[in-house]
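# Geometric and topological summary
Spelled out from the first residue to the last, the chains are:
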Amino acid sequence: SEIRPVIQFAYITGWRIAWDYFPFGAGVGLFGGHASTIQYSEFYIRYGLDRVWGLSGDPAASVNFVTDAFFPHVIGALGFMGAALYLGSLLYPGALMVRGTRRLASPSTRIVVTAALLVFVEALAESFAAPIYEVSFPCYFVFGLAGLALSVVRAAGAESSEFRAVGSGDAPER
């Protein structure tokens, strides 16, 4: 018998559930998240995960790896459509930071926004192997920092547009 990491079983099963229950997956709380461990979800039994060490749902077993990865939960629970919408909404603040960083003139402001962007990208990369978006403190930190960076970008954009608005058209061209 082959021994595979639990996370690999989670990804494979998440994809299988998303495919079998296309386009919207198993449903919220039925695969991969904390809610699926409170009342052990039938999807773990249906897909044979109840026989995998760390996913069995046996209260006597002290090991439970159900929530160890984030994206199997999203793909299995929300399906391909829900996962695509979720991923799009997750990437949107990052795209705004990338676009905003290019327009910033001040090097110190650019450094702040770039640092926030790097934290955002690191969290996205880490979410493939850890439940980063399901734990409150990292989630608050990542999105709080992104919000702060986006407000800095917005403020810098407003200052530069106000400056241009005041200076444009007032003096005759020479």
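Please refer to the structure higher up on the page.
Throughout what follows, the structure given in this document is the object of discussion. (Residues numbered from 1 in each chain as written. Predicted model: local features only at pLDDT ≥ 70, side-chain atom pairs only at ≥ 80, totals over all residues. Heavy atoms only, no water.)

### A closer look at helix α5 (residues 107-126)
The test is simple: The secondary structure listing takes helices from DSSP runs of H or I that are at least 4 residues long and strands from runs of E that are at least 2 residues long, numbered from the N terminus. Each helix should span, by expectation, one fewer than its residue count multiplied by 1.5 Å. The buried label applies to any residue whose accessible area, calculated with a 1.4 Å probe on protein chains only, is under 20% of its type's maximum; exposed applies above 50%, and partly exposed to all values in between. What the arc covers is the set of directions going from the helix axis to the C-beta atoms.
An ideal rise of 1.5 Å per residue puts 28 Å on 20 residues; α5 measures up with 28 Å between its terminal C-alpha atoms. Turning to α5, its buried residues number three or more, namely T109, V113, A116, L117, F120, A123 and L124. Along the axis of α5, the buried positions cluster into a sector of 120°, meaning they face one direction only. Exposed side of α5, more than 90 degrees from the buried face: P107, I111 and L118 are the residues found there.

### A look at the packing of helix α1 (residues 6-20) against helix α4 (residues 71-103)
Where we set the bar: The axes used here are C-alpha line fits, helices contributing only the stretch in contact, and every angle between their N-to-C directions lies in the interval 0 to 180 degrees. Just so you know how the angles are binned, under 35 degrees is roughly parallel, over 145 roughly antiparallel, 65 to 115 roughly perpendicular, and the rest oblique. Here a residue-residue contact requires only that any non-hydrogen atoms of the pair lie within 4.5 Å. When residues are sorted by character, Ala, Val, Leu, Ile, Met, Phe, Trp, Tyr, Cys and Pro go into the nonpolar class, Asp, Glu, Lys and Arg into the charged class, and all the rest, Gly among them, into the polar class.
It is at 7 Å that the axes of α1 and α4 come closest, and there the two elements cross at 5°. On the basis of the axis angle, α1 is roughly parallel to α4. Taken together, the residues of α4 that come into contact with α1 (itself represented by A10, Y11, G14, W15, I17, A18 and W19) are F71, P72, I75, G76, G79 and F80. Taken together, the residues of the contact of α1 with α4 sort by class into ten nonpolar, three polar and no charged.

### Regarding the nonpolar core
How we decide: The criterion is simple. A nonpolar core is a set of buried Ala, Val, Leu, Ile, Met, Phe, Trp, Tyr and Cys residues joined through side-chain atoms within 4.5 Å.
Among the nonpolar cores identified, the biggest contains 23 residues, and F71, M97, V113 and Y133 are the most heavily contacted of them. Of all the secondary structure elements, the ones that give two or more residues to this core are α1, α4, α5 and α6 (136-167). With sequence-adjacent residues up to four places away left out, Y133 is seen in contact with F70, Y86, L90, F120, A123, L124, S127, C139 and F143. Ranked by size, the runner-up nonpolar core spans eleven residues in total, among them A26, L49, V52 and L55.

### Quick word on the side chain of H73
Applicable threshold: Pairs of N or O atoms within 3.5 Å make up the polar contacts considered here, provided that, within protein, one atom can donate a hydrogen while the other can accept it, and that residues adjacent in sequence are counted only when both atoms are side-chain atoms.
In this fold, H73 is placed in helix α4. At 2.8 Å, the side chain of H73 forms a polar contact with the side chain of E134. In contact with H73, not counting residues within four places along its chain, are F31, G32, G33, L78 and E134.

### Notes on the packing of α4 against α5
Note the following rule: Handedness of each helix crossing follows the sense of rotation of the near helix against the far helix: counterclockwise by less than a right angle gives left-handed, clockwise gives right-handed.
Viewed as axis vectors pointing N to C, α4 and α5 meet at an angle of 165°, and their least axial separation amounts to 10 Å. The orientation of α4 with respect to α5, classified from their angle, is roughly antiparallel. The handedness of the crossing between α4 and α5 comes out as left-handed. Counted together, F71, L90, L91, P93, G94, M97, V98, T101 and R102 of α4 and R110, V113, T114, A116, L117, F120 and L124 of α5 form the full contact between these two elements. A class-by-class count of the residues in the contact of α4 with α5 yields eleven nonpolar, three polar and two charged.

That's the geometry; what it means functionally is another story.
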